[in-house]
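Take a look at the letters that make up each chain.
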Amino acid sequence: MININITEKKHTDVVFIDNVSQISETCAELSGKKVAVLAPESQSKNAAALINALKNGGAAAYLYKLPDGEECKTIENALKLSAFLDENMFGRSDMILNLGGGTVCDLGGFVASIYKRGILYYNIPTTLLCAVDACIGGKTAVDCNGKKNHWGTFYQPEKVCIIGDIIKSLPDELIDAGKSEIVKYAVIDEDFYEYLSELPIKNFTTELTTIIQKCLRIKGRFVELDERDRGARHALNAGHTIAHAIEAQSDFSIDHATAVMLGLITETNIAYKSGFIGQNRFERLTKLYRKYFGDYAELSLDEIENLVPFMQSDKKNQNGKICFVLPCEHSVKSVMIDDIKSILI
């Protein structure tokens, strides 16, 4: 027998800076490298400032524009980006810098993982949803055949830069969009639940840096335990079995934030009716949802049944049963269910 021991030492640095101009100092290691800056049209102003900062720091910066939203996450766009890197003679020592939300980070990270068998990439999140979740963890993907994240890799970003001016300038709708993933962490982690429960809602925006740090620390613990999402990391998918089905059924016209909100609410109901949580835990979670989501309409039984064909394609499923990550009394746990209707009636 021949044993080949392979260990890849890898970590992601998460840094918090005040503004884009500090990139040249914070990322001085980029001097002399080619950097492809991926950015959607909505980030044109920040992209221009970033390109300028990179050039001032000695990098050769190239702007690559992407469409906004989930439509950028296609294999066609991945191939186009790869061709762009080739045309500009990017080598394995050069890199990609993703300036955008989760979709940009997903696509850019995916291409970074496959181009010349892997080049470095950084993430600069421009949405709260991305800043608290998608910017770390190394899940990269494109959508395929109407299925979300169907093709992808695990490939960690070298660095993540949270830029204060970008986060502070977010409009209210993007702040609200980040709340579903933030509340998800409160379902997973009791200490964070207590923090969010006690935080006055009027202080939410002023506490964003602290909230981002807390969320990334929680996610980081699970990624360190289970980078490849084979067990412990499943906890981070709380609410997402329903959420991904909602997105797929709507052909991604329903945004991820809304889908996760509905997923958390529905899967909490499933947990309660299945006996995984008692009355007290159910009421505490429901109270938190009302605080951060406001008034909401729950999915009907018919609507949930219509999602089943889409849930049957979930990557976590086993032996023909749908995998849900449901609340339990102190965190969440993976549960295999083959008949949702019988639970909810």
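Note that the structure is predicted; figures quoted are calculated from it, not measured. (Residues numbered from 1 in each chain as written. Predicted model: local features only at pLDDT ≥ 70, side-chain atom pairs only at ≥ 80, totals over all residues. Heavy atoms only, no water.)

1. Comments concerning the overall build of the chain
Item 1. The helix and strand tally for the chain stands at 14 helices and ten strands.
Item 2. Against the globule reference of 20 Å for 345 residues, the chain gives a C-alpha radius of gyration of 20 Å, in line with a compact fold.
Item 3. Expressed along its principal axes, the backbone C-alpha trace of the chain runs to roughly 60 × 55 × 40 Å.
Item 4. Residue burial in the chain is summarised as follows: out of 345 residues, 53% are buried.
Item 5. Sequence-distant contacts, at least 24 apart, represent 74% of the contacts inside the chain between residues at least 6 apart.
Item 6. When the accessible surface of the chain is totalled, it reaches about 16200 Å², and 49% of it is carbon and sulfur.
Item 7. Charge-centre separation for the chain: the mean point of 38 positive side chains lies 4 Å from the mean point of 46 negative side chains. (Helix = DSSP H or I, 4+ residues; strand = E, 2+ residues; numbered from the N terminus. Rg over C-alpha atoms; globule rule 2.2 N^0.38 Å. Buried < 20%, exposed > 50% of the residue type's maximum accessible area, 1.4 Å probe, protein only. Contact = heavy atoms within 4.5 Å. Areas by Shrake-Rupley, 256 points an atom, 1.4 Å probe, with all protein chains shown as cover. Lys, Arg positive; Asp, Glu negative; His and termini not counted. Charge placed at Lys NZ, Arg CZ, Asp CG, Glu CD.)

2. Regarding the sheet that holds strand S3 (residues 60-66)
Item 1. Strand order across the open sheet formed by six strands is S1-S8-S5-S4-S2-S3, with parallel pairing between neighbours. Of all strands in the sheet, those with a lone pairing partner are strand S1 (13-17) and S3, marking the two edges. In this sheet, adjacent strand axes meet at a mean angle of 20° when their direction is disregarded.
Item 2. By the bridge criterion, five bridges tie S1 to strand S8 (residues 159-163) in an arrangement that is parallel. Across the sheet, Val14 pairs through a bridge with Val160, a residue of S8. (Pairing = 2+ DSSP bridges. Axes fitted to C-alpha atoms, helices over the stretch in contact; angles between N-to-C directions.)

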